[in-house]
Amino acid sequence: MTLFGTAGIRGPVEQITPALALSVGQAAGEPGETFVVGRDGRETGPALAAAMEAGLESAGADVYRLGQVPTPALAFASQGRRGAMLTASHNPPEDNGIKLFVDGVEYDRDAEQTIEERVDGDTLAAWDEWGDSDRLEVLESYRDAVVDYVGSAFGDDDNDSLDGLSVAVDCGNGMASVATPQVLERLGAEVVAVNATVDGHFPARESKPTPETLVEFSESLAAGSFDLGLAHDGDADRLVVLGPDGEVIHEDTVLAVVAAHYATESDADDPVVVTTPNASARIDEQVREAGGRVERVRLGALHEGIARERRAGDEGTEVVFAAEPWKHIHTRFGGWIDGVASAAAVAALVADIGDTATLRDPVTERPYRKVSVDCPDDAKSDAMATLEFDLPAAFPNTTVDTDYGVRLEFDDASWVLVRPSGTEPYVRIYAESDDVDALVADAREVVASAVADTS
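Residues numbered from 1 in each chain as written. Predicted model: local features only at pLDDT ≥ 70, side-chain atom pairs only at ≥ 80, totals over all residues. Heavy atoms only, no water.

### Overview of the overall build of the protein
Which entries qualify depends on this criterion: Each helix corresponds to a stretch of at least 4 residues labelled H or I by DSSP, and each strand to a stretch of at least 2 residues labelled E; elements are numbered beginning at the N terminus. The atom set for the radius of gyration is the C-alpha atoms, and the globule formula is 2.2 Å times the number of residues raised to the power 0.38. Remark: exposure states derive from per-residue accessible area (1.4 Å probe, protein chains only) relative to the maximum for the residue type, with buried under 20%, exposed over 50%, and partly exposed in between. Any two residues whose heavy atoms approach within 4.5 Å are treated as being in contact. For the accessible areas, the method is Shrake-Rupley and the probe is 1.4 Å, while residue cover comes only from the protein chains on display. All tallies of charge rest on Lys and Arg as positive and Asp and Glu as negative; His and the ends of each chain are not included. Where a charge sits is defined by one atom per residue type, namely NZ (Lys), CZ (Arg), CG (Asp) or CD (Glu).
Each helix and strand counted, the protein has 14 helices and 20 strands in total. Compactness check: the protein gives a C-alpha radius of gyration of 22 Å against a globular reference of 23 Å for 455 residues, within 12% of the reference. Expressed along its principal axes, the backbone C-alpha trace of the protein runs to roughly 65 × 60 × 50 Å. The buried share of the protein, reckoned over its 455 residues, is 58%. Here the contacts in the protein between residues at least 6 apart in sequence split such that 70% fall between residues at least 24 apart. Accessible area of the protein: about 18,300 Å², with a carbon and sulfur share of 44%. A distance of 2 Å separates the average location of the 34 positive side-chain charges in the protein from that of its 86 negative side-chain charges.

This is how it looks when you write it as structure tokens:
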């Protein structure tokens, strides 16, 4: 049985049922283990959380119930134990999902496969080994930790690094409502929060923050006098950054700016930033200039990339930051994706340098495209095997990486990535170049030919 995708278990509630949550809880729980269990604001969350708790306890684990919390707060609380979060992140309200954590880090692929093998198995503990449950309040401790971390890492220990900064936050009726505005205010910012009532129907806008769903917020920024705009998804692991004119700043530019800061501030001989194959070469440019290097890992596996680089490095190596577009791991703070910490960190960088335009000015932003080529699921493997040879042949004198699809990087920092979709019958093409339309057209021709030859 395949349950886990690139970000835990996720899907419509007709699939993510209390029966499934019970089974996953029984597969994950063991006598002697302790789990924290949290949920986002979705209507289906209470029933799924109750089922998860019952499964964990009946497998022998003790459970602390956190109630409604951002996913980063659940991950924070899982340090030194395990955690289960009921969330579908940025998905629509009729969806839900399950994410599992151990010691502040998402389960890796091996751990997820173990759960899949145990689901529907005989995992019930003896009657006298069932676990206990209790309530645990973690939100205030989490907010305190973010304030202390950002205050020391991006400002000063007085926690006033955002003094005088005016910030608008669109919480999207999600769990950021109980975290981001409060953290920013404690760091000294003047904060206006909108859509800051938790509501699992997401009545204000879609849970996923995009330029299309943030039109109203963008217009309010442009009409106001804010220094910065920030927007979150339903569980507050994603962050979108907007300038005072309401323009959404490209996610890779945000990633590059934060990564460069960490590489610059690191005392390590070998500061490393981990990102994903679809992330822009502008990140590599900024990190190299700051004295670091970039390594990539498959989508949804930043935690695995961090562990890999730590194993492979020597005493002078430090993974200073890990991120994929929209989602950041601040490795000195913890091993989880944290949109609340990112909101405060970006705000601190803007406050320090003066404005978003100056902050993004060092970053070269080339035109970006993402297109899809039809490809039957059963043809993807053969097509990608063909493309490992055909794409480099079509684009000679490029640096080729075939670990996670086929990624070609050109001397001028243009790049193209071709990878199969994990959920739909497509091969995806991602490209960034001053002449991106021509690059995409050429790549699409090669991809279409490979698909036709193998279908």
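Further notes follow.
### So, the environment of Ile 429
By the secondary structure assignment, Ile 429 is in strand β20 (residues 426-432). Ile 429 sits 328 residues away from Phe 101 along the chain, and the two C-alpha atoms are 32 Å apart. Apart from the residues within four sequence positions on either side, Ile 429 is in contact with Arg 369, Lys 370, Val 371, Val 373, Val 416, Leu 417, Val 418, Ala 443, Arg 444 and Val 447.

### Regarding the UniProt feature "domain: Alpha-D-phosphohexomutase alpha/beta/alpha" (unreviewed entry) in the protein
The condition that has to hold: UniProt positions are given in the numbering used here, feature names are shortened, and annotations may be inferred rather than shown by experiment.
In the numbering used here, UniProt assigns the feature "domain: Alpha-D-phosphohexomutase alpha/beta/alpha" (unreviewed entry) to residues 2-122, 141-245 and 252-354. Secondary structure across residues 2-122 comprises 35% helix and 26% strand; the distance between its end C-alpha atoms is 18 Å. Secondary structure across residues 252-354 divides into 48% helix and 20% strand, with the first and last C-alpha atoms of the span separated by 20 Å.

### Observations regarding the sheet that holds strand β14 (residues 317-324)
The condition that has to hold: We treat two strands as partners when DSSP finds at least two bridges between them. Helix axes are fitted only over the stretch in contact, all axes being lines through C-alpha atoms; the angle between N-to-C directions runs from 0 to 180 degrees.
Taken together, four strands build an open sheet; the order of strands is β13-β12-β14-β15 and the sheet is mixed. Because the sheet does not close on itself, it has two edges, and the strands there are β13 (293-296) and β15 (327-329). Within this sheet the neighbouring strands show an average axis-to-axis angle of 25°, counted without direction. The pairing of strand β12 (residues 270-275) with β14 spans five bridges and is parallel. Directly across from Val 273, in β14, lies its bridge partner Phe 321. The sheet contacts of helix α9 (residues 281-289) involve β12 and β13, and relative to β13 the element is tilted by about 145°.

### Quick notes on the domain arrangement of the protein
What counts here: Segmentation of the chain into domains, including their bounds, is taken from an automatic or database domain assignment. Computed with a 1.4 Å rolling probe, the buried area is the accessible surface lost when two parts are put together, summed over both parts. Criterion for a salt bridge: a side-chain nitrogen of Lys or Arg within 4 Å of a carboxyl oxygen of Asp or Glu. Think of a polar contact as two N or O atoms within 3.5 Å of one another; within protein, one of them needs to be a possible hydrogen donor and the other a possible acceptor, and neighboring residues in sequence only count if both atoms come from side chains. For this classification, the nonpolar set comprises Ala, Val, Leu, Ile, Met, Phe, Trp, Tyr, Cys and Pro, the charged set comprises Asp, Glu, Lys and Arg, and every other residue, Gly included, is treated as polar.
For the protein, the assigned domains read domain 1 (9-136), domain 2 (137-365) and domain 3 (368-453). For domain 2 and domain 3, the distance between their C-alpha centroids amounts to 29 Å. In terms of surface lost to domain 3, no three residues of domain 2 exceed Pro 277, Asn 278 and Ala 281, which account for 41% of the buried area on that side. Remark: the boundary between domain 2 and domain 3 carries one salt bridge. As a salt-bridge pair, Glu 432 and Arg 282 come within 2.3 Å of each other at their nearest N and O atoms. If you look at where domain 2 meets domain 3, you find five residue pairs in polar contact (both at pLDDT 80 or more). The biggest single contributor to the side of domain 2 that touches domain 3 is α9, with five residues. Looking at the side of domain 2 that touches domain 3 residue by residue, the classes come out as five nonpolar, three polar and seven charged.

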